[in-house]
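Residues per chain are reported as follows:
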Amino acid sequence: MTETMTPDAQAELQAEFDALIAADQRIEPRDWMPDAYRRTLIRQISQHAHSEIIGMQPEGNWITRAPSLKRKAILMAKVQDEAGHGLYLYAAAQTLGIARDVMTQQLIDGKARYSSIFNYPTPTWADMGAIGWLVDGAAICNQVPLCRASYGPYGRAMVRICKEESFHQRQGFEILLTLMQGSEAQREMAQDAVNRWYWPSLMMFGPPDDESPNSAQSMAWKIKRFSNDDLRQRFIGMLVPQAEALGVTLPDPELRWDEENERWITSEIDWTEFQEVLAGRGPMNAYRLQHRRDAHEDGAWVREAAAAYAEKRSPRERSETKRGAESDREAA
Ligand code: FAQ
C-alpha cells in the first residue's frame with residue numbers, strides 16, 4: 001500500500017506514526033506503520049512464540065519422572081502455560097499479517113530462530129528448579145519491560161505472560177530450596193544444575209550492546225525499552241541475593257559489584273558458545289528441532305480432522321459462529 005502512495009501522503013502517515021511513538025501511545029493493527037517496524041515485530045514476536053513452544057521440551061522431559069504427584073501436576077501446568085504463551089504470541093504476530101502456518105513452517109524448516117537457552121539438556125530433576133529460577137527469572141527481567149512495547153497486541157500479550165512467568169520462577173526457586181535443604185547429594189545436584197544453567201541464562205538477553213544490530217532501532221521504536229546489557233545487569237542484581245538465600249554459589253569467581261560505576265563486574269561471557277548455539281550446533285539443537293517436526297507430523301490428523309469438520313458445517317452454522325464472534329468482540 002505504501003508503495004502506491006504519494007510522497008506527501010506517506011510523509012503524513014510517517015509523521016502520525018512518529019507522533020504516536022513519541023507520545024508513548026500504542027500502535028494498533030489497523031494503524032499505518034513503517035514496513036521495517038512491522039518486519040521487526042514479526043521477527044521478534046514469532047521468535048518469541050517459537051521459544052515458548054520449543055521451551056516446552058526440556059521440562060516436558062521430566063513430567064513422567066517428577067518426584068511426586070504434586071510436582072508432576074505443577075510441572076504439567078507449567079508446560080501447558082508455555083503452550084498458552086506460544087498461542088498468545090502467534091496470535092499477536094498474526095495481527096501483523098503473517099499466517100500461523102507460515103510461522104510454524106519456518107520453525108519446522110529450521111529457518112526461524114528460537115531462544116538459545118532451550119538447546120541445553122535436562123539430565124537431572126534439579127534442572128527443573130534451575131530452569132524455573134534462572135530461565136524464567138531471565139524471561140521475566142526481559143519481558144516485564146515488553147509489557148510497555150509500543151505495539152498494542154504484543155504489550156497486552158506480555159502482561160498475561162509475565163503474570164504466569166512469576167509463578168514459574170517461584171516454583172523453580174522452591175524446587176531448588178527444597179533440594180538445598182535436603183541431603184548432601186541433593187545439594188550437589190542443585191549446585192550442579194545452577195552451574196550448568198547460569199551462563200546460558202545470561203546469554204538469553206542477546207549479544208553485547210555493541211554487537212546487537214537490532215537494539216538501537218527497536219529502542220527508538222519503543223519495542224525494546226532497555227538494552228541487552230542493561231537487562232543482563234539487572235538480572236544479575238536480582239540473582240545475587242536470591243542465590244544467597246538458596247545457599248547456592250553463582251559459578252563466576254570474578255563476580256562483584258563495582259561501587260564506582262554501579263555495575264556488576266563478571267567474567268567474560270563465552271560468546272563463541274552463544275554463536276555456536278545460534279548456528280544450530282548447540283548440544284540439543286538437532287534433537288529439539290526433530291522432536292518438533294515429529295510432533296507436527298504426528299498432529300497432522302488433528303489438523304486434517306479440524307479442517308474437514310469446518311468444511312462439513314453448514315453455511316448457516318458457520319455464519320452463526322461468525323456473528324457470535326463479532327458480538328463477543330463488540331461486548332469486549
Ligand atoms: N537466542 O540485535 P539483537 C522464555 C538473535 S521465552 C537466539 O540483540 P534483538 C519463557 C536475535 O534474534 C525466551 N537468538 O536482537 C520460557 C537476532 O537475530 P536475527 C525468549 C538470539 O531482537 C521459560 C540476533 O541474535 N524470549 O524463556 C538470542 O534486538 C521457560 C542479534 O541480536 C524472547 O524471545 C538468543 N538468546 O534482541 C519458556 C523475548 N539473542 O533475527 C519455557 C523477546 C539474540 O537478527 C520455559 N525477544 N538473538 O537474525 C527479545 O527481547 C529480543 O528479541 C532479544 C534479542 C533480547 C532476545
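What you are looking at is a predicted structure, and each value in this text was computed from that prediction instead of being measured.

A. Geometry of the nonpolar core. Of all hydrophobic cores here, the largest spans 76 residues; its most connected members are Y37, I45, W133, Y151, Y154 and W197. In terms of residues, this core owes the most to one element, helix α6 (residues 126-143), which gives 9 residues. Apart from residues no more than four positions distant in its own chain, Y151 is found in contact with R26, I27, E28, P29, M33, Y37, L41, I45, A92, T95 and L96.

B. Fine view of the pattern of salt bridges. Summed over the entire model, instances satisfying the criterion amount to 13 salt bridges. Between R156 and E28 there is a salt bridge whose closest N-O contact spans 2.8 Å. Highlighted residues: R156 in helix α7 (residues 152-180) and E28 in the loop between α1 (7-22) and α2 (35-54), separated in sequence by 128 residues. A relative accessible area of 43% means that R156 is categorised as partly exposed. Accessibility expressed as a relative area gives 24% for E28, which makes it partly exposed.

C. Expanded view of the site of the ligand. What surrounds the ligand is a group of 36 residues, the closest being Q47, S116, S212, K224 and N228. For the ligand, an oxygen atom lies 3.1 Å from a polar atom in the side chain of R43. Considering the ligand on its own, with 1100 Å² of exposed area, one finds that the protein chains cover 90% of that surface. The cavity that encloses the ligand is the largest pocket.

Thresholds applied
Along each chain, the written sequence defines residue order, and numbers are assigned to residues from 1. Local features are withheld for residues below a pLDDT of 70 in this predicted model, meaning they are given only at 70 or higher, and side-chain atom pairs are given and counted only at 80 or more; totals for whole chains, interfaces and linings count all residues. Water and hydrogen atoms were dropped before computing side-chain values, which therefore reflect all heavy atoms in the structure. Buried residues of nine kinds, namely Ala, Val, Leu, Ile, Met, Phe, Trp, Tyr and Cys, make up a nonpolar core once their side-chain atoms join them within 4.5 Å. Working definition: with a 1.4 Å probe on protein chains only, accessible area under 20% of the residue-type maximum means buried, over 50% means exposed, and in between means partly exposed. Put simply, DSSP marks the helices as runs of H or I at least four residues long and the strands as runs of E at least two long, and each gets a number from the N terminus on. The contact rule is simple, with two residues in contact once any of their heavy atoms fall within 4.5 Å. The salt bridge definition used is simple: a Lys or Arg side-chain nitrogen within 4 Å of an Asp or Glu carboxyl oxygen. Here a residue counts as near a molecule or strand whenever at least one of its heavy atoms sits within 4 Å of it. In protein, a polar contact requires one atom able to donate a hydrogen and another able to accept it; more generally it is a pair of N or O atoms within 3.5 Å, and residues adjacent in sequence count only if both atoms are side-chain atoms. Only the protein chains shown count as cover for residues, and the accessible areas themselves come from Shrake-Rupley with a 1.4 Å probe. Only protein atoms enter the 1 Å grid used here, on which a cavity is any set of points holding a 1.4 Å probe that cannot leave and a pocket is any open set flanked by protein within 12 Å on both sides along at least five of seven lines; residues with an atom within 4 Å of a point are listed as lining. Cavities and pockets are treated as containing a molecule whenever more than half of the molecule's atoms lie within 2 Å of their grid points.

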